[in-house]
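Summary of the model geometry
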Amino acid sequence: MGKNGYLPLFETRPARGLVFFRSYAASIFIGICFICFHRVSYFPVTERWVWVGMFVAELWFSFYFFITVIVKWNPVFRSTFKDRLSSRYEEEELPGVDIFVCTADPRLEPPTMVVSTVLSVMAYDYPPHKLSVYLSDDEASGFAQLWLPFCRKLKVEPTSPEAYFQTTPEPVDDAFMANEWLIIKKTYEDMKIRIESMTRLGKVPADIRKEHKGFDEWDFVVSRHDHPSILQILIDGRGPNAIDIEGKALPTLVYLAREKRPQIHHNFEAGALNALIRISSRISNAPFVLNVDCDMHSNNSKAIRDALCFFLDEENGREIGYVQYPQTFGNLTKNEIYGSLRVVMKLELAGFDGNGGPCYIGTGCVHRRESLCGMKYSKELVVEWKGMKYDRKIIEKASSIEGNCKALASCTYKENTPWGKEMGVKYGCVVEDILTGICIQSRGWRSIFLTPQREAFLGMVPTTLLDTLVQHKRWAEGDFQIFLSKLCPFVYGCQNMPLKLQLSYCIYLLWVPNCFATLYYVFVPSFCLLKGISLFPKISSSWGIPYLYVIVVHRVHSLVEFVWLGGTVRGWLNEQRMWMFKRTTSYFFAAIDNILKLCGFSKSAFIITGKVADDDVNRRYKQESMEFGTSSPMFTALATLALFNLFGLVVVGTNKAINDDARIKVFDIFGFQILLCCVLVFVNLPIYQGMFFRKDSGKIPASVTLRSIAFALLASTLAMY
């Protein structure tokens, strides 16, 4: 209970098991101190640079472990009291909410998926006339008149029709409801066919053009990269005719295609969001803005009410700039073949919250409009929500609004304005979400991380290895770009961001440097094993205990943490595999691109992760068979490292262990390197299968295999002679 008997709208509780975690962290720190002492005390006379390299790599791992401990030292979890919100604010007193659904490429992001996402957010448990949905698709408007009453009647969860019909069987106990269920499903399937046909033909059907005259402008469009602003209010929620088949109000639904010209940079999703912010401020101007990616459908119809419990809390709500929901996925396999963001989304962002507030991750986030538009937080900022009434009277005709607003979505509007700099989503970085969150927090706003019992949104993860690696390359490249810029948290956020929050950001901003230490540890010990150079203490030496303790205990804790968060043991093994794959490819290529960019040889390019896969790829994904299937420098790097470690293990096993005495001696001297090599071979088992044993189209191409064998043999030869 708050001051003067006030009941807060949310509560905060610390994570459980903190004593265990802090004890573990302290013991690892002691082990690291012993390792450092050994490295300094037993400095070799020969091969000293290799030894120094190992020491530098271990120092980096120690520093990164320190950052991880800071993030996980004091995670907090929030819960809301929606019943108190309902009792405190009548339906007409609740604030309006604008919802942005962003799309980029219909070939990689299927329009049916976009429509399903739009319908899911239109069906929120919230006063419909207080919702305004902005999107780049139009088919949702007609089906919404059927879908929203259906959701209310059956209390549908999730409210995405695609997800609902895939997971919910036909109701057999009620003949009337079963018949309605079949009608709605049939209507939805017909709409999907219609959308797919429209996408294939590349034009809007005549009946939609007749109803919405603004779509005639598509007749003059040369390409999707060269067209004027096209704005259409499909459902005007302010008017009396915006009702469903039951006579209930419908949310406002707006279609926007901002102007694009080939000679003018459109700033990817950041440009789209800023155009939506400007357009929405003219049409609905809701004080709160929810943005979701087109593949992140709503899975919790009360998510908006949850977020408002933070913003509308009289004691602590004024300083909150945004509420971030975790990014969760509906198409993960049981053992998460390509890893997941499980630890990031369920623990690390909660740790950010305990240190000052989570980062903005670009989707599933409810913003206060003022904070998103560049306003600095001030204790004098007071907004009184009670008594605010929503006037459904149309002040301005929709056609007039459409004509007047098009300039706000022009590709030149941002010129000589603060947009993309001090206002809106930031430009100039491929991870504009992280950068925007840093800027909002640097202006004094707090952020909140909320994990409701029922996931707020469900998205889609990439279903191929290459898409996963490319996605992480883009993230790592953008994160490191922020670290090297003047907007780095240690520079830009030093006044308003706590030091522990600035350090927390390093867990992502320093993904790229991780590649160098990891590549050294993956390659050099095996190289030195072939040359007969020992890099670790003997197995029989007591100095091996700290190494063994740190490695084993650290991995055991990682396993316990992963399983505690709902994962499986095999899922954890896949996570470790992807951890190594990303560090040796995604982060390495991101480092190269950053270096080229600093030298002026490369420019940022936003790469969209594909959401469409053929039936064979989907089948192998569901069977948890790793998908290669194409030639890529990343696969060449992975296969070369895998083969090099395999060759090292085979050579040591055949040449250096001729008899029992030699075997014992070799294992005593090189035991840690041999064990490391064995672990790497085990981690790379899918690589060997893809090169030598698989016959399907998802195997590693022969050209990649031949190149990798040549590179691995060359490295092995150099090591041995």
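Residues numbered from 1 in each chain as written. Predicted model: local features only at pLDDT ≥ 70, side-chain atom pairs only at ≥ 80, totals over all residues. Heavy atoms only, no water.

**Brief notes about the overall build of the protein chain**
When helices and strands are counted, the protein chain shows 25 helices and 12 strands. Scored against the burial criterion, the 721 residues of the protein chain give a buried share of 56%. Only carbon and sulfur atoms are counted for the fraction: they give 61% of the accessible area of the protein chain, which is about 31,600 Å². (Helix = DSSP H or I, 4+ residues; strand = E, 2+ residues; numbered from the N terminus. Buried < 20%, exposed > 50% of the residue type's maximum accessible area, 1.4 Å probe, protein only. Areas by Shrake-Rupley, 256 points an atom, 1.4 Å probe, with all protein chains shown as cover.)

**With respect to the pattern of salt bridges**
Scanning the model with the defined rule gives 19 salt bridges in all. Arg620 is the partner of Glu627 in a salt bridge, and the nearest nitrogen-oxygen pair spans 2.7 Å. Note that Arg694 is salt-bridged to Asp696, the shortest N-O span being 2.9 Å. Classification of Arg694 as buried rests on a relative accessible area of 13%. On the basis of relative accessible area, Asp696 is assigned to the partly exposed category, the value being 28%. A network of salt bridges, in which partner residues are shared, links Lys473, Glu477, Asp593 and Lys597. (Salt bridge = Lys/Arg side-chain N within 4 Å of Asp/Glu carboxyl O.)

**Details of helix 17 (residues 499-509)**
Since the α-helix turns once every 3.6 residues, residues separated by three or four places project in the same direction. Counting buried residues along helix 17, 9 of its 11 residues qualify, which places the element largely inside the surrounding structure. All buried positions along helix 17 are accounted for by Leu501, Gln502, Leu503, Ser504, Tyr505, Cys506, Ile507, Tyr508 and Leu509. Along its buried surface, helix 17 packs onto helix 2 (48-72), helix 11 (342-355), helix 14 (432-442), helix 15 (465-483) and helix 16 (489-492). (Contact = heavy atoms within 4.5 Å.)

**Quick notes on the sheet that holds strand 7 (residues 288-293)**
Spatially, the 8 strands line up as an open sheet ordered 5-6-4-3-7-10-9-11, and their pairing is mixed. Each having just a single partner strand, strand 5 (230-235) and strand 11 (446-449) make up the two edges of the open sheet. Direction aside, neighbouring strands of the sheet carry axes that sit 20° apart on average. The sheet contact formed by strand 3 (residues 97-102) and strand 7 spans 6 bridges and is parallel. Its bridge partner being in strand 7, Val101 is matched across the sheet by Val292. (Pairing = 2+ DSSP bridges. Axes fitted to C-alpha atoms, helices over the stretch in contact; angles between N-to-C directions.)

**A word on the packing of helix 1 (residues 18-41) against helix 2**
The geometry of helix 1 relative to helix 2 is characterised by a closest axis approach of 11 Å and an angle of 165° between their N-to-C directions. One element, helix 1, and the other, helix 2, form an angle in the roughly antiparallel class. At the point where helix 1 passes helix 2, the crossing takes the left-handed sense. Contacts between helix 1 and helix 2 involve Leu18, Phe21, Tyr24, Ala25, Ile28, Ile32, Ile35, Cys36, His38, Arg39 and Val40 from the first element and Trp51, Met54, Phe55, Glu58, Leu59, Ser62, Phe65, Val69 and Lys72 from the second. (Parallel < 35°, antiparallel > 145°, perpendicular 65-115°, else oblique. Left-handed = near helix turned anticlockwise from the far one by under 90°.)

**So, the packing of aromatic side chains**
This structure, assessed with the given rule, holds 27 aromatic pairs. Between the aromatic rings of Tyr508 and Trp511, the centroid separation amounts to 5.5 Å while the plane-to-plane angle is 70°, which identifies the pairing as edge-to-face. Here Tyr508 and Trp511 have matching classes, each one buried. Grouped by ring-pair contacts, the aromatic residues Phe61, Tyr521, Phe536, Tyr547 and Phe672 constitute a single cluster. Sitting over the face of the ring of Trp419, Arg278 holds its NZ or CZ atom 5.1 Å from the ring centroid. The positively charged end of Arg583 is found above the aromatic ring belonging to Tyr64, 5.5 Å away from the centroid. (Phe/Tyr/Trp six-rings, centres within 6.5 Å; stacked < 30°, edge-to-face > 60°. Lys NZ or Arg CZ within 6 Å of the ring centre and 35° of its normal.)

**Topic: the confidence of the model for the protein chain**
Overall, the prediction assigns the protein chain a mean pLDDT of 84, with 83% of residues at 70 or greater. Within the model, the stretch residues 137-144 combines pLDDT values under 50 with 33 contacts to residues more than four positions away or in other chains. Confidence over residues 384-394 falls short of pLDDT 50; this stretch has 28 contacts with residues more than four positions distant or in other chains. (pLDDT = per-residue confidence, 0-100.)

**With respect to the environment of Leu510**
In this fold, Leu510 is placed in the loop between helix 17 and helix 18 (514-531). For the pair Leu510 and Ala476, spaced 34 residues apart in sequence, the C-alpha separation works out to 7.9 Å. With residues up to four places along the chain from it excluded, the contact list for Leu510 reads Trp60, Phe63, Tyr64, Phe480 and Phe483.

**A word on the UniProt feature "active site" (unreviewed entry) in the protein chain**
Look at the UniProt record and you will see "active site" (unreviewed entry) annotated at Asp138 and Asp433. With respect to the helices and strands, the residue Asp433 is situated in helix 14. Non-local contacts of Asp433, meaning those with residues more than four positions away in its chain, are made with Tyr360, Ile361 and Gly362. (UniProt positions renumbered as here; feature names shortened; annotations may be inferred.)

**Details of the environment of Ile592**
Looking at where Ile592 falls in the secondary structure, it is placed in helix 20 (residues 569-598). According to the relative accessible area criterion, Ile592 is partly exposed, its value standing at 32%. C-alpha of Ile592 to C-alpha of Glu477: the two residues are 115 residues apart in sequence and 9.1 Å apart in space.

**Here we look at the pairing of strand 4 (residues 131-135)**
Looking along a regular strand, one sees side chains alternate from face to face of the sheet. Where burial is concerned, most of strand 4 is hidden: 5 out of the 5 residues are buried. Here strand 4 shows no split at all, with Leu131, Val133 and Leu135 on one side and Ser132 and Tyr134 on the other all buried. Two strands pair when backbone bridges link them, and strand 3 and strand 4 are joined in this way by 4 bridges, in the parallel orientation. Paired with Asp98 across the strands is Ser132, a residue of strand 4. Judged from the 4 bridges that link them, strand 4 and strand 6 (residues 252-257) form a sheet pairing that is parallel.

**Comments concerning the pairing of strand 9 (residues 320-324)**
Strand 9 sits mainly inside the fold: 5 of its 5 residues count as buried. Inspection of the sheet shows strand 9 paired to strand 11 by 4 bridges, in the parallel sense. Bridge pairing in strand 11 places Gln324 opposite Phe449. Here strand 9 pairs with strand 10 (residues 365-368) via 3 bridges, running antiparallel.

**With respect to a nonpolar patch on the surface**
A cluster of nonpolar side chains, contributed by Leu548, Ile551, Val552, Val556 and Val560, occupies part of the molecular surface with about 420 Å² of accessible area. Tracing the backbone through its elements, the reader meets Val556 in helix 19 (residues 544-564). (Patch = residues over 30% accessible without salt bridge, like charges linked within 9 Å, V, L, I, M, F, W, Y side chains within 5 Å.)

**With respect to unusual backbone geometry**
One non-glycine residue, Asn285, lies in positive phi territory at about 50°. Along the chain, Asn285 turns up in the loop between helix 9 (268-283) and strand 7. The partly exposed category is assigned to Asn285, whose relative accessible area is 45%. Not every positive phi belongs to a glycine, and Glu336 is a case in point at roughly 50°. On the secondary structure map, Glu336 appears in the loop between strand 9 and helix 11.

**Focus: the nonpolar core**
Counting residues in hydrophobic clusters, the biggest one holds 98 residues, and the most contacted among them are Phe352, Leu465, Tyr505, Phe581 and Ile687. Looking at this core, the element that brings in the most residues is helix 2, giving 10 residues. Counting residues domain by domain, this core receives three or more from each of domain 1 (15-74 + 504-720) and domain 2 (82-461). When sequence neighbours within four positions are dropped, the list of residues in contact with Leu465 reads Tyr338, Met578, Phe581, Met626, Glu627, Phe628, Phe635 and Leu638. Ranked by size, the runner-up nonpolar core spans 48 residues in total, among them Leu131, Ile230, Ala242 and Leu308. (Core = buried A, V, L, I, M, F, W, Y, C linked by side-chain atoms within 4.5 Å. Domains from an automatic or database assignment.)

**Quick notes on the UniProt feature "transmembrane region" (unreviewed entry) in the protein chain**
Per the UniProt record, the feature "transmembrane region" (unreviewed entry) sits at residues 21-43, 49-71, 505-524, 587-613, 633-654, 666-688 and 700-720. Note that residues 21-43 is 91% helix and 0% strand, and that its end C-alpha atoms are spaced 33 Å apart. For the annotated span residues 666-688, helix accounts for 96% and strand for 0% of the residues, and the straight-line distance between the end C-alpha atoms is 26 Å.

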